[in-house]
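Here's the letter readout for the chains.
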Amino acid sequence: IIFSIFNSATMTVIERSQEIGMLRSVGFTQRYVKRLFLREMAALCTLAVLCGGLIGAVGIGGVNAARIHFTPPGIAGGVFLELTPNSLVVFGAAVLIFALAGSAVVLAMRAVVRQKITVLLMGSHR
């Protein structure tokens, strides 16, 4: 997951380097462009966490509604499989995703934003 997040954030910044050059050429500062990409990353992470949470909740509801019965060793009569999400773990995972995506964007932007505007506009740095 970590490599996937870093790869997608880095590729997004590199592929959009001409856009960054255009923003810089019309007067946007390096700081503003970095913040713009961080806000975009935060919006994407929020959407991803919400969609993942919704899919997870539906999956948990489906497993619990299926009333899957199994007999583990040492338990007479068996038990029903019931999934119970842990709010602390879910919140911690969301915070970790935001931190990883944010640091990936900051690292990628650090290299790209500092390049000359003409190089960014030509796309010849790839």
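Small disclaimer: the values here were computed from a predicted structure and weren't measured.

## Regarding the layout of surface pockets
At step 1: Estimated volume of the largest pocket: approximately 250 Å³.
At step 2: Of all the elements in the fold, those that place two or more residues in the lining of the largest pocket are helix 3 (30-66) and helix 4 (87-113).
At step 3: The biggest single contributor to the lining of the largest pocket is helix 3, with seven residues.
At step 4: Residue composition of the lining of the largest pocket, by class: nine nonpolar, three polar and no charged.
At step 5: Along the wall of the second largest pocket there are 13 residues; nearest its centre are A9, T12, M41, L44 and V105.
At step 6: Elements with a contribution of two residues or more to the lining of the second largest pocket: helix 1 (2-15), helix 3 and helix 4.

## Notes on the packing of aromatic side chains
At step 1: All chains considered together, the criterion is met by one aromatic pair.
At step 2: Over the ring of Y32 we find R39, and its NZ or CZ is 5.5 Å from the ring centre.
At step 3: Seen from the ring of F80, R67 lies directly overhead, with NZ or CZ sitting 4.0 Å from the centre.

## Things to note about helix 1
At step 1: With 14 residues, helix 1 ought to run about 20 Å at 1.5 Å a step, and its terminal C-alpha atoms sit 20 Å apart, in line with that.
At step 2: By the burial criterion, the buried members of helix 1 are I5, A9 and V13. End-on view of helix 1: buried residues confined to an arc of 55°, all on one side of the axis. In this structure, helix 1 carries F3, S4 and E15 as exposed residues pointing more than 90 degrees from its buried face.
At step 3: Among the structural elements, helix 2 (17-25), helix 3 and helix 4 are those in contact with the buried residues of helix 1.

Rules used throughout
- Residues numbered from 1 in each chain as written.
- Predicted model: local features only at pLDDT ≥ 70, side-chain atom pairs only at ≥ 80, totals over all residues.
- Heavy atoms only, no water.
- 1 Å grid on protein atoms, 1.4 Å probe; cavity = no way out; pocket = protein on both sides within 12 Å on 5 of 7 lines; lining within 4 Å.
- Points joined across faces, edges and corners; volume = space filled by probe spheres on them.
- Helix = DSSP H or I, 4+ residues; strand = E, 2+ residues; numbered from the N terminus.
- Nonpolar A, V, L, I, M, F, W, Y, C, P; charged D, E, K, R; others polar.
- Phe/Tyr/Trp six-rings, centres within 6.5 Å; stacked < 30°, edge-to-face > 60°.
- Lys NZ or Arg CZ within 6 Å of the ring centre and 35° of its normal.
- Expected span 1.5 Å × (residues − 1).
- Buried < 20%, exposed > 50% of the residue type's maximum accessible area, 1.4 Å probe, protein only.
- Arc of directions from axis to C-beta.
- Contact = heavy atoms within 4.5 Å.

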